[in-house]
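Each chain is listed here by its residues.
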Amino acid sequence: DGGITQSPKYLFRKEGQNVTLSCEQNLNHDAMYWYRQDPGQGLRLIYYSQIVNDFQKGDIAEGYSVSREKKESFPLTVTSAQKNPTAFYLCASSIGSLGTNEQFFGPGTRLTVL
Amino acid sequence: AQSVTQLGSHVSVSEGALVLLRCNYSSSVPPYLFWYVQYPNQGLQLLLKYTSAATLVKGINGFEAEFKKSETSFHLTKPSAHMSDAAEYFCAVSGRRGGNKLTFGTGTQLKVEL
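Residues numbered from 1 in each chain as written. Chains lettered and ligands numbered in written order. Predicted model: local features only at pLDDT ≥ 70, side-chain atom pairs only at ≥ 80, totals over all residues. Heavy atoms only, no water.

Undergrad: For this particular structure, what's the right way to read the pairing of strand β6 (residues 54-57) of chain A?
TA: Successive side chains on a regular strand alternate, one facing one side of the sheet and the next facing the other. Residues and elements named next belong to chain A. Pairing analysis gives 3 bridges linking strand β5 (residues 43-51) to β6, with the strands arranged antiparallel. Bridging from a neighbouring strand, Tyr47 pairs with Lys57 of β6. Where β5 folds back on β6, the antiparallel hairpin that results is connected by 2 residues, among which Asn53 adopts a positive phi of roughly 65°. (Pairing = 2+ DSSP bridges. Helix = DSSP H or I, 4+ residues; strand = E, 2+ residues; numbered from the N terminus.)

Undergrad: How do you make sense of the layout of surface pockets when you look at a structure like this?
TA: Empty pockets left among the atoms are what a rolling probe the size of a water molecule brings to light. Roughly 280 Å³ of internal volume is contained in the largest pocket. Gln37, Phe88 and Arg110 of chain A together with Gln38 and Glu88 of chain B are the residues nearest the centre of the largest pocket, which is lined by 18 residues in total. For the lining of the largest pocket, the secondary structure elements donating two or more residues are β9 (87-94) of chain A together with β10 (87-94) of chain B. Looking at the lining of the largest pocket, its residues break down into 6 nonpolar, 9 polar and 3 charged. (1 Å grid on protein atoms, 1.4 Å probe; cavity = no way out; pocket = protein on both sides within 12 Å on 5 of 7 lines; lining within 4 Å. Points joined across faces, edges and corners; volume = space filled by probe spheres on them. Nonpolar A, V, L, I, M, F, W, Y, C, P; charged D, E, K, R; others polar.)

Undergrad: What should I look at first to understand the interface of chain B and chain A in this one?
TA: A common way to express how large an interface is: the accessible area buried when the components associate. Residue-level contacts link 22 residues of chain B with 27 residues of chain A. Both sides together, the interface formed by chain B and chain A hides about 1800 Å², and carbon and sulfur atoms give 52% of it. Remark: the boundary between chain B and chain A carries 0 salt bridges. Viewed at the interface, chain A and chain B are joined by 6 residue pairs in polar contact (both at pLDDT 80 or more). Of all the elements in the fold, those that place two or more residues in the side of chain B that touches chain A are β5 (32-38), β6 (44-50) and β10 of chain B. With 4 residues, β5 of chain B is the largest single contributor of residues to the side of chain B that touches chain A. In terms of residue class, the side of chain B that touches chain A is built from 8 nonpolar, 11 polar and 3 charged. (Contact = heavy atoms within 4.5 Å. Buried area = accessible area lost by both parts, 1.4 Å probe. Salt bridge = Lys/Arg side-chain N within 4 Å of Asp/Glu carboxyl O. Polar contact = N/O pair within 3.5 Å; in protein donor to acceptor, adjacent residues only side chain to side chain.)

Undergrad: Sorry if this is basic, but what is going on with the state of the cysteines here?
TA: By definition, a disulfide links the sulfur atoms of two cysteine residues through a covalent bond. Residues and elements named next belong to chain B. A full pass over the atoms with the stated rule returns 2 disulfides over all chains. A sulfur-sulfur distance of 2.0 Å marks the disulfide that ties Cys23 to Cys91. Since a negative S-S torsion denotes a left-handed disulfide, the Cys23-Cys91 link at about -60° is left-handed. Of this pair, Cys23 sits in the loop between β3 (19-21) and β4 (24-26) while Cys91 sits in strand β10, and the two are 68 residues apart along the sequence. Of the residues examined, Cys23 reaches a relative accessible area of 0% and is grouped as buried. (Disulfide = S-S within 2.5 Å. Buried < 20%, exposed > 50% of the residue type's maximum accessible area, 1.4 Å probe, protein only.)

Undergrad: Help me out: how do you make sense of the packing of aromatic side chains in this one?
TA: Given two aromatic rings, their pairing is described by the distance between the two centres and the angle made by the two planes. Going through the model one piece at a time under the given rule, you end up with 14 aromatic pairs over all chains. Judged by centre distance (6.4 Å) and plane angle (25°), the rings of Tyr33 of chain A and Tyr35 of chain A are stacked. Comparing Tyr33 of chain A with Tyr35 of chain A, the two get one shared label, buried. In this structure an aromatic cluster arises from ring pairing among Tyr33, Tyr35 and Phe105 of chain A together with Phe34, Tyr36, Phe90 and Phe104 of chain B. (Phe/Tyr/Trp six-rings, centres within 6.5 Å; stacked < 30°, edge-to-face > 60°.)

Undergrad: Explanation requested: the sheet that holds strand β8 (residues 76-78) of chain A in the structure shown.
TA: In a beta sheet, neighbouring strands are held together by backbone hydrogen bonds and run either parallel or antiparallel to one another. Residues and elements named next belong to chain A. Read across the sheet, 4 strands follow the order β1-β3-β8-β7 without closing on themselves; strand pairing throughout is antiparallel. Each of the sheet's edge strands pairs with one partner strand only, and the pair in question is β1 (4-7) and β7 (64-66). For this sheet the average axis-to-axis angle between neighbouring strands, irrespective of direction, equals 20°. Across 3 bridges, the pairing between strand β3 (residues 19-25) and β8 is antiparallel. (Axes fitted to C-alpha atoms, helices over the stretch in contact; angles between N-to-C directions.)

Undergrad: I'm lost on the pattern of salt bridges in this one. Help?
TA: Two side chains bearing opposite charge may form a pair once their charged atoms approach each other closely. All names here are of chain A. One pass over the full model with this rule turns up 6 salt bridges over all chains. Between Arg44 and Asp38 there is a salt bridge whose closest N-O contact spans 2.8 Å. By relative accessible area, which is 10% here, Asp38 ends up buried. Shared partners join several salt bridges into a network, and the residues in it are Arg36, Asp38 and Arg44.

Undergrad: Looking at this structure, how should I read the nonpolar core?
TA: In summary, soluble globular proteins display a tendency toward joint burial of nonpolar side chains. Residues and elements named next belong to chain B. Grouped together as the largest cluster of nonpolar side chains are 25 residues, with contacts concentrated most on Leu33, Trp35, Leu47, Leu48, Phe74, Leu76 and Tyr89. Elements represented by at least two residues in this core include exactly β3, β5, β6, β8 (64-68), β9 (73-78), β10 and β12 (108-113). At 4 residues, β10 tops the list of elements feeding residues into this core. Apart from the residues within four sequence positions on either side, Leu48 is in contact with Leu33, Phe34, Trp35, Val57, Lys58, Gly59, Phe63, Glu64, Ala65, Phe74 and Leu76. (Core = buried A, V, L, I, M, F, W, Y, C linked by side-chain atoms within 4.5 Å.)

Undergrad: Would you take a moment to explain a nonpolar patch on the surface for this structure?
TA: A cluster of nonpolar side chains, Tyr10, Phe12 and Leu114 of chain A, forms an exposed patch at the surface whose accessible area comes to about 370 Å². Assignment of secondary structure puts Tyr10 of chain A in strand β2 (residues 10-13). (Patch = residues over 30% accessible without salt bridge, like charges linked within 9 Å, V, L, I, M, F, W, Y side chains within 5 Å. Areas by Shrake-Rupley, 256 points an atom, 1.4 Å probe, with all protein chains shown as cover.)

Limitation: the analysis is restricted to geometry and does not speak to function.
In structure tokens form, the structure reads like this:
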């Protein structure tokens with residue numbers, strides 16, 4: 001089955017530690033995205049990538065980093081510089097970068113920093 | 001900059017009653033608009049999208065939305081609510097320039113009561 005996988009579903013880390021969230025897609029999509037979801041705030045864009053080896057900052061990139069070395073993978077690292085990292089993180093992909101292209105979402109990773 | 005406003009963070013309806021979830025957009029150019037649904041601790045699923053073809057858009061699970069330029073609105077409706085419709089609903093907008101970065105509203109939690 002084609003889709004987007006995110007692992008793990010739940011993640012706990014101590015304050016000050018970097019943590020990497022996995023996102024893999026087998027849809028052959030060119031574009032991939034990372035969003036952060038907090039209660040009552042909707043989804044906010046962290047980073048996006050329109051093509052392999054290229055990515056751009058979204059609205060709230062501070063304290064995060066990404067890489068796009070393979071078409072199917074777009075890992076997100078939450079660094080110790082992120083002041084409030086506890087949140088639900090969603091990865092998405094789309095076939096292209098046109099405004100009409102639907103984004104498909106993964107099941108999400110809930111990160112809790114203790 | 002484009003944005004969407006969802007009026008009512010919580011909406012409650014009786015089973016069998018009309019569902020109306022409101023979304024107003026702000027955009028300097030005609031936008032592309034999307035409605036997504038999210039069940040607890042899951043990713044988002046596309047319900048429907050407006051891409052400047054027909055102004056009345058039909059989606060999955062009996063939902064539809066009408067694009068009204070004069071009112072800058074894209075409200076989501078369903079004639080008869082079902083218990084399985086209980087979820088959080090997000091309106092989102094993307095532009096004609098700069099790729100398909102989505103800007104989300106803050107969401108509306110729909111409760112369906114017997």
